[in-house]
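# Coordinate analysis (summary)
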Amino acid sequence: MEVTSKLVETITKGIQDKKGEYITIVNLTNIDGAIAKYFVICQGNSTTQVEAIASSISDTVRTEIKEKPTNVAGLGNKEWVAIDYSDVLVHIFLPETREYYNLETLWEDAAITKIPNLD
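Quick notes on the rules
- Residues numbered from 1 in each chain as written.
- Predicted model: local features only at pLDDT ≥ 70, side-chain atom pairs only at ≥ 80, totals over all residues.
- Heavy atoms only, no water.
- Axes fitted to C-alpha atoms, helices over the stretch in contact; angles between N-to-C directions.
- Helix = DSSP H or I, 4+ residues; strand = E, 2+ residues; numbered from the N terminus.
- Parallel < 35°, antiparallel > 145°, perpendicular 65-115°, else oblique.
- Left-handed = near helix turned anticlockwise from the far one by under 90°.
- Contact = heavy atoms within 4.5 Å.
- Core = buried A, V, L, I, M, F, W, Y, C linked by side-chain atoms within 4.5 Å.
- Buried < 20%, exposed > 50% of the residue type's maximum accessible area, 1.4 Å probe, protein only.
- Phe/Tyr/Trp six-rings, centres within 6.5 Å; stacked < 30°, edge-to-face > 60°.
- Pairing = 2+ DSSP bridges.
- Polar contact = N/O pair within 3.5 Å; in protein donor to acceptor, adjacent residues only side chain to side chain.
- Expected span 1.5 Å × (residues − 1).

With their axes 8 Å apart at the nearest point, helix H1 (residues 2-17) and helix H2 (residues 47-65) run at an angle of 135° to one another. Classified by the angle their axes make, H1 and H2 are oblique. Regarding H1 and H2, the two cross each other, and that crossing is right-handed. Along the contact surface, H1 presents Lys 6, Leu 7, Thr 10, Ile 11, Lys 13, Gly 14, Ile 15 and Asp 17, while H2 presents Ile 53, Ser 56, Ile 57, Thr 60, Val 61, Glu 64 and Ile 65.

Quick look at the structure:
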């Protein structure tokens, strides 16, 4: 579990490096049948920022803990980019897309941690 926690921490750092906002960590470790151990959800205010956040996460994780994602989806339209690190799924949204899908509420039993925005 230590490796997964370090991955979540490193992903959060990559998000914050590009001023990603409203970071939410959804802990799914106690949910039977969950597709990952954690979801890390955030948003950028433009398609350019969403792409920059995705690049920052990938670069930071690769540099600091030598991990590469198994898949990245959504870079074409940049409204919702998903980065799959197997145990951790990262979702980077535009605000209106995030509001529409509202992933944070899919698992009512999940522990949710909200990271304050950096100024």
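This brings us to the nonpolar core. Core analysis: the biggest nonpolar cluster contains 21 residues, and Ile 11, Ile 57, Tyr 85, Val 88 and Ile 92 have the highest contact counts within it. Breaking this core down by element, the ones donating at least two residues are H1, strand S1 (21-27), strand S2 (38-43), H2, strand S4 (80-84) and strand S5 (88-93). No other element matches the five residues that H2 contributes to this core. Listed in part, the 10 residues of the second largest apolar core include Val 26, Leu 89, Leu 103 and Ala 110.

Once that is clear, we can look at the packing of aromatic side chains. Within the structure shown, the criterion is met by four aromatic pairs. Seen from their ring centres, Phe 39 and Trp 107 are 5.1 Å apart, and the 90° between their planes marks the pair as edge-to-face. Note that Phe 39 is positioned in strand S2 and Trp 107 in the loop between helix H3 (95-101) and strand S6 (111-115), a separation of 68 residues in sequence. With a relative accessible area of 4%, Phe 39 lands in the buried category. A ring pair is formed by Tyr 100 and Tyr 101, whose centres lie 4.9 Å apart and whose planes are at 85°; its orientation type is edge-to-face.

Moving on: the pairing of S1. Here five bridges tie S1 to S2, and the two strands are oriented antiparallel to one another. Within S2, the residue paired with Glu 21 across the bridge is Gln 43. With five bridges joining them, S1 and S6 adopt antiparallel strand pairing. Bridged to Val 26 within S6 is Ile 112.

Right, let's get into the side chain of Arg 98. Turning to its location among the elements, Arg 98 is positioned in helix H3. For Arg 98, a relative accessible area of 7% gives the class buried. A distance of 2.7 Å separates a polar side-chain atom of Arg 98 from the backbone oxygen of Tyr 22. In contact with Arg 98, other than residues within four places in its own chain, are Glu 21, Tyr 22, Thr 24, Ile 41, Cys 42, Gln 43, Phe 93 and Glu 104.

With that settled, consider H2. If you check H2, its first and last C-alpha atoms are 27 Å apart, about what 19 residues at 1.5 Å a residue would give, namely 27 Å. Taken together, the buried positions of H2 are Gln 49, Val 50, Ile 53, Ala 54, Ser 56, Ile 57, Ser 58, Thr 60 and Val 61. Packing partners of the buried residues in H2 comprise H1, S2, S4 and S5. Among the residues trailing H2, Lys 66 stands out with phi positive, at a value near 60°.

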